[in-house]
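Residue-level listing of the chains:
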Amino acid sequence: MIQETTFAYKPGEHEREKASNSYLMSLVALIAGLPLPIINLLATFFFYLANRKGTYYVRWHCTQALFSQLALLGINSASFWWTMSILFSDEKASNQYFAYLFTVIVFNLFEIFSTIYAAVQTRKGKHVQFLFFGNITNLICRA
């Protein structure tokens, strides 16, 4: 699911720190705005905007972090609004709701652990590609 490769050049300390921070930004936003799913995406997006003209290593990892947060936005938003409709309307919690909620929790836990892993590895100067998002990032980011 996560592939480690190396770039042709060795990223400097400053580059490694910024690339690692691109992943950590979503975790910090998760703690700050837990019930609202858009907070993680906005924090990662603003960090991407601030570093989009940086070196290729930083840009690449900021873009991958943004794509991974964008994918979670859909499933997190659906669970958020489904929960709001159960709390504030006549809708009842069903087995489908709990199955979906369990799936969302599993996806979010996987995202948290993979984000921590990516942050640690990029800080060490290793290039980490997520299975699906790494390929999309390769198509968009050019050296």
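See the structure printed just above.
As the structure is a prediction and not an experimental result, all values here were calculated from the model. (Residues numbered from 1 in each chain as written. Predicted model: local features only at pLDDT ≥ 70, side-chain atom pairs only at ≥ 80, totals over all residues. Heavy atoms only, no water.)

Student: Please explain the packing of helix α1 (residues 13-32) against helix α3 (residues 56-88) as it appears in this structure.
Tutor: A pair of packed helices can be characterised by two numbers: the angle between their axes and the separation between those axes. Across the interface, α1 lies against α3 with an axial gap of 8 Å and an inter-helix angle of 10 degrees. With respect to their mutual orientation, α1 and α3 come out roughly parallel. Listed contacts from α3 to Glu-15, Arg-16, Lys-18, Ala-19, Ser-22, Tyr-23 and Ser-26 of α1 are Tyr-57, Val-58, Trp-60, His-61, Cys-62, Gln-64, Ala-65 and Gln-69. (Axes fitted to C-alpha atoms, helices over the stretch in contact; angles between N-to-C directions. Helix = DSSP H or I, 4+ residues; strand = E, 2+ residues; numbered from the N terminus. Parallel < 35°, antiparallel > 145°, perpendicular 65-115°, else oblique. Contact = heavy atoms within 4.5 Å.)

Student: Looking at this structure, how should I read the packing of aromatic side chains?
Tutor: Aromatic ring pairs are described here by two measures, namely the spacing of the ring centres and the angle between the planes. Scanning the entire structure with this criterion turns up seven aromatic pairs. Ring plane angle 45 degrees and centroid distance 5.8 Å describe the contact between Trp-82 and Tyr-100, whose orientation is recorded as tilted. Taken together, the positions of Trp-82 in helix α3 and Tyr-100 in helix α4 (residues 95-123) put the pair 18 residues apart, joining distant regions of the chain. A relative accessible area of 24% places Trp-82 in the partly exposed class. Tyr-100 gets classed as partly exposed once you look at its relative accessible area, which sits at 25%. Here Phe-132 and Phe-133 contribute two aromatic rings whose centre-to-centre distance is 5.5 Å and whose plane-to-plane angle is 75 degrees, an arrangement assigned as edge-to-face. (Phe/Tyr/Trp six-rings, centres within 6.5 Å; stacked < 30°, edge-to-face > 60°. Buried < 20%, exposed > 50% of the residue type's maximum accessible area, 1.4 Å probe, protein only.)

Student: Looking at this structure, I do not really get the side chain of Asn-108. What am I missing?
Tutor: Mapped onto the fold, Asn-108 is located in helix α4. Here Asn-108 is in contact with Leu-72 and Asn-76, once residues within four sequence places are set aside.

Student: Explanation requested: the packing of α1 against α4 in the structure shown.
Tutor: Remark: α1 packs on α4, axes separated minimally by 8 Å, with the N-to-C direction vectors making an angle of 165 degrees. Relative to α4, the element α1 lies roughly antiparallel. Where α1 crosses over α4, the handedness of that crossing is left-handed. Taken together, the residues of α4 that come into contact with α1 (itself represented by Glu-13, Arg-16, Glu-17, Ala-19, Ser-20, Tyr-23, Leu-24, Ser-26, Leu-27 and Leu-30) are Ile-112, Thr-115, Ile-116, Ala-118, Ala-119, Thr-122 and Arg-123. Of the residues assigned to the contact of α1 with α4, the class counts are nine nonpolar, four polar and four charged. (Left-handed = near helix turned anticlockwise from the far one by under 90°. Nonpolar A, V, L, I, M, F, W, Y, C, P; charged D, E, K, R; others polar.)

Student: What am I meant to see in α1 here?
Tutor: Since the α-helix packs 3.6 residues into each turn, any two residues three or four apart lie on the same face. Along its 20 residues, α1 runs 28 Å from first to last C-alpha, staying within 8% of the 28 Å computed at 1.5 Å per residue. Helix geometry: α1 is bent most strongly at Tyr-23, by close to 35 degrees. Of the residues making up α1, those classed as buried are Glu-15, Arg-16, Ala-19, Ser-20, Ser-22, Tyr-23, Ser-26, Leu-27 and Ala-29. Tucked into the core, α1 has its buried residues touching α2 (38-51), α3, α4 and β2 (127-130). (Expected span 1.5 Å × (residues − 1). Bend = angle between axes of the 7 residues up to and from the residue.)

Student: Hey, could you run me through the environment of Leu-30 in this one?
Tutor: Inspection of the secondary structure puts Leu-30 in helix α1. We classify Leu-30 as partly exposed; its relative accessible area is 21%. Measuring from C-alpha to C-alpha, the distance between Leu-30 and Phe-132 comes to 22 Å, with 102 residues separating the pair along the chain. Aside from chain neighbours lying at most four places away, what touches Leu-30 is Asn-40 and Ile-112.

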